[in-house]
Amino acid sequence: MLRGGPSSTGGVKRVPFLTPQVAIVGAGPIGLAIAWRCAARGLRVVVHDPAPGSGASYVAAGMLAPVAEAYFGEHELTGLLTESARRWPGFAAELTEATGVDIGYRTEGTLMVGLTADDLAEARRLWAYQQGLGLPVTPLRPSQLRDYEPALAPRVRGGALAATDHQVDPRRLVPALRLAAERAGAVLVAEPVRRLSDLAAEVTVVAAGCGAAALTGLPVRPVKGQVLRLRTPGGGPPGFRHVIRGYADGEHVYLVPRECGEVVVGATVEERSDVQVSAAAVLRLLRAAVDLLPELAEYDLVEAVAGLRPGTPDNAPILGPLPGRPDVLAATGHHRHGIVLTPVTADLITGLVTGDRASDPMLTPFQADRFHPAAHPDPEPVPGVRTASSAGAGSVGGDRGGGAGAGGGG
């Protein structure tokens, strides 16, 4: 579609240009990764967002979990997750080399556990499905679990290891992606976008999380997730190293350790559009977390926050041109998977922009036309309806809602 030119090098900020080739709406991880890839190809790129990195990625836990997140009826999505996770080691290494920033990429793997007999029965049903897809799930007896993590509660009845499910720290990832994009020559504009027709570019990429709905008419809805952050009392590393995902008396919870002493505990899944933190959610998450890992009761509670995942009717992302608008590409609707899907989304959308991968078969199940959206792709703002300038998120609004992966694993 577009041809690149000489790309910039080093940390010198390029003077803003009048006519960008690519305009990207949204400076969450998806938008910034696309900007980095496109700018590195020598394209003139402008990214629009009044508050980069303040959306869903700020809340997200950063689990790269194609195995643990493989759910019934989402076979094609699981394939995309697996492919993107396969790209993550190279993506992380390239980003660190380009910026010198440690993004907290860790490869210890994920333990999936069940506290009670009923919890274990539910978990085993899902593990059997995942194994049926050929995914690497290794069942473990309670004694084997404690060989991996001695701090697990004695009540835990059993579990499994997903050795290829890793993690990254989104609060380090987003600044690194911004630095990489700017070093490659992309220009960030701290202004909201209310209409796509306001942008002058050969190609527009909408990576605005929940804000994509108002800009495009696509069926992207907010799905609220509440998340907690704990910290070890002395500031040292937590007493466990693996990501732990478990069922505790029917409550699903995940625990993500950071070397800095932080533990991310999440997350609720609520069909709501507010970003208020509720006492009930904090209570449920803490109870389940402590049931699985009792030492967390002694940790400091340092943050309780909520964000909005950009959900779609089939829980899968929307990737590719809008119907009747080949010059407008969607990169949104990543729901729980924005962080893990960042590398593959950036590669696929950049391939569409340049024309190198216009017919990539990976895109087929995720095209925008599968929802038959309204014919008018650039609706006028309606009073009382949240637009991209107020919907948050990786989007263009600057509050801490929307965007990729809010309150979830990836």
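Everything here concerns the structure above.
Presented here is a report on the structure given in the accompanying data block.

Rules and cut-offs
Residues numbered from 1 in each chain as written. Predicted model: local features only at pLDDT ≥ 70, side-chain atom pairs only at ≥ 80, totals over all residues. Heavy atoms only, no water. Helix = DSSP H or I, 4+ residues; strand = E, 2+ residues; numbered from the N terminus. Buried < 20%, exposed > 50% of the residue type's maximum accessible area, 1.4 Å probe, protein only. Contact = heavy atoms within 4.5 Å. Expected span 1.5 Å × (residues − 1). Arc of directions from axis to C-beta. Polar contact = N/O pair within 3.5 Å; in protein donor to acceptor, adjacent residues only side chain to side chain. Pairing = 2+ DSSP bridges. Axes fitted to C-alpha atoms, helices over the stretch in contact; angles between N-to-C directions. Parallel < 35°, antiparallel > 145°, perpendicular 65-115°, else oblique. Nonpolar A, V, L, I, M, F, W, Y, C, P; charged D, E, K, R; others polar. Salt bridge = Lys/Arg side-chain N within 4 Å of Asp/Glu carboxyl O.

So, the environment of Ala 207
Logical step 1: You can see Ala 207 is positioned in the loop between β9 (203-206) and α7 (212-216).
Logical step 2: Residue classification places Ala 207 among the buried positions, given a relative accessible area of 6%.
Logical step 3: It is 5.3 Å that separates the C-alpha atoms of Ala 207 and Thr 332, two residues lying 125 residues apart in sequence.

Side note on the environment of Leu 319
Logical step 1: Examined against the element boundaries, Leu 319 turns out to sit in strand β15 (residues 318-322).
Logical step 2: In the structure, Leu 319 is positioned 14 residues away from Gly 333 in sequence and 8.5 Å away in space, judged by C-alpha atoms.
Logical step 3: Apart from residues no more than four positions distant in its own chain, Leu 319 is found in contact with Leu 80, Ala 330, Ala 331, His 334, Thr 345, Leu 348, Ile 349, Leu 363, Phe 366 and Gln 367.

Overview of helix α6 (residues 170-184)
Logical step 1: Here α6 is 15 residues long and its end C-alpha atoms lie 21 Å apart, about the 21 Å a rise of 1.5 Å per residue gives.
Logical step 2: Burial in α6 covers these residues: Pro 170, Leu 173, Val 174, Ala 176, Leu 177, Ala 180, Ala 181 and Ala 184. Each buried residue of α6 lies within a common arc of 165 degrees when the element is viewed along its axis, so the set occupies one face.
Logical step 3: On the buried face of α6, the contacting elements are α1 (29-40), α2 (56-59) and α3 (75-99).

Concerning the side chain of Lys 224
Logical step 1: Mapping Lys 224 onto the fold places it in strand β10 (residues 221-231).
Logical step 2: Within the local environment of Lys 224, its side chain forms a polar contact with the backbone oxygen of Gln 276, the two atoms lying 2.6 Å apart.
Logical step 3: Apart from residues lying up to four places away in sequence, Lys 224 is in contact with Thr 268, Val 269, Glu 270, Arg 272, Asp 274, Gln 276, Ala 306, Gly 307, Leu 308 and Arg 309.

Some thoughts on the sheet that holds strand β11 (residues 243-248)
Logical step 1: Strand order in this open sheet of 8 strands is β5-β6-β4-β11-β12-β13-β10-β14, and the pairing throughout is mixed. Each end of this open sheet is capped by a strand with a single partner; those strands are β5 (138-140) and β14 (300-311). Recorded for the sheet is a direction-independent mean angle of 20 degrees between the axes of neighbouring strands.
Logical step 2: When β10 meets strand β13 (residues 262-266), the two strands line up antiparallel, connected through 5 bridges. When the bridges of β13 are listed, Val 227 appears paired with Gly 266.

Comments concerning unusual backbone geometry
Logical step 1: The omega torsion of the bond from Gly 266 to Ala 267 falls at -15 degrees, within 30 degrees of zero and hence cis.
Logical step 2: Checked against the element boundaries, Ala 267 lands in the loop between β13 and α8 (279-292).
Logical step 3: Positive phi values are uncommon outside glycine, yet Asp 249 reaches one of about 50 degrees.
Logical step 4: The topology assignment puts Asp 249 in the loop between β11 and β12 (251-257).

What to know about the packing of α1 against α3
Logical step 1: Two elements in contact, α1 and α3, have axes separated by 13 Å at closest approach and are oriented at 70 degrees. Judged by the angle between their axes, α1 and α3 are roughly perpendicular. Here Ala 33, Trp 36 and Arg 37 of α1 lie close against α3, whose contacting residues are Phe 91, Glu 94, Leu 95 and Ala 98.
Logical step 2: Classifying every residue of the contact of α1 with α3 by side-chain character gives 5 nonpolar, no polar and 2 charged.

A few points about the sheet that holds strand β8 (residues 187-189)
Logical step 1: Spatially, the 6 strands line up as an open sheet ordered β8-β2-β1-β9-β16-β15, and their pairing is mixed. The open sheet is flanked by β8 and β15, the only strands paired with a single partner. Across the sheet, the axes of successive neighbouring strands diverge by a mean angle of 20 degrees, strand direction being ignored.
Logical step 2: Pairing of β15 with strand β16 (residues 325-332) involves 5 bridges; the strand directions are antiparallel. Each residue of the ladder has a partner; that of Ile 318, found in β16, is Thr 332.

What to know about the pairing of β16
Logical step 1: Bridge analysis of β9 against β16 gives 3 bridges, and the strand direction is parallel. Counted as the bridge partner of Val 206 is Ala 330 from β16.
Logical step 2: If you look at the hairpin formed by β15 and β16, you'll find 2 residues sitting between the two strands, and Gly 324 has a positive phi there, around 75 degrees.

Overview of the pattern of salt bridges
Logical step 1: A full pass over the atoms with the stated rule returns 28 salt bridges.
Logical step 2: Residues Arg 41 and Asp 356 are paired through a salt bridge, measuring 2.4 Å at the closest nitrogen-oxygen approach. In this pair, Arg 41 sits in the loop between α1 and β2 (45-48) while Asp 356 sits in the segment after α9 (342-354), placing the two residues 315 residues apart along the sequence.
Logical step 3: The salt bridge partner of Arg 106 is Glu 108, with a shortest N-O separation of 3.1 Å.
Logical step 4: A relative accessible area of 10% places Arg 106 in the buried class.
Logical step 5: What emerges from the salt-bridge pattern is a single network uniting Asp 102, Asp 169, Arg 171, Arg 172, Arg 229, Arg 231, Arg 258, Glu 262 and Glu 303.

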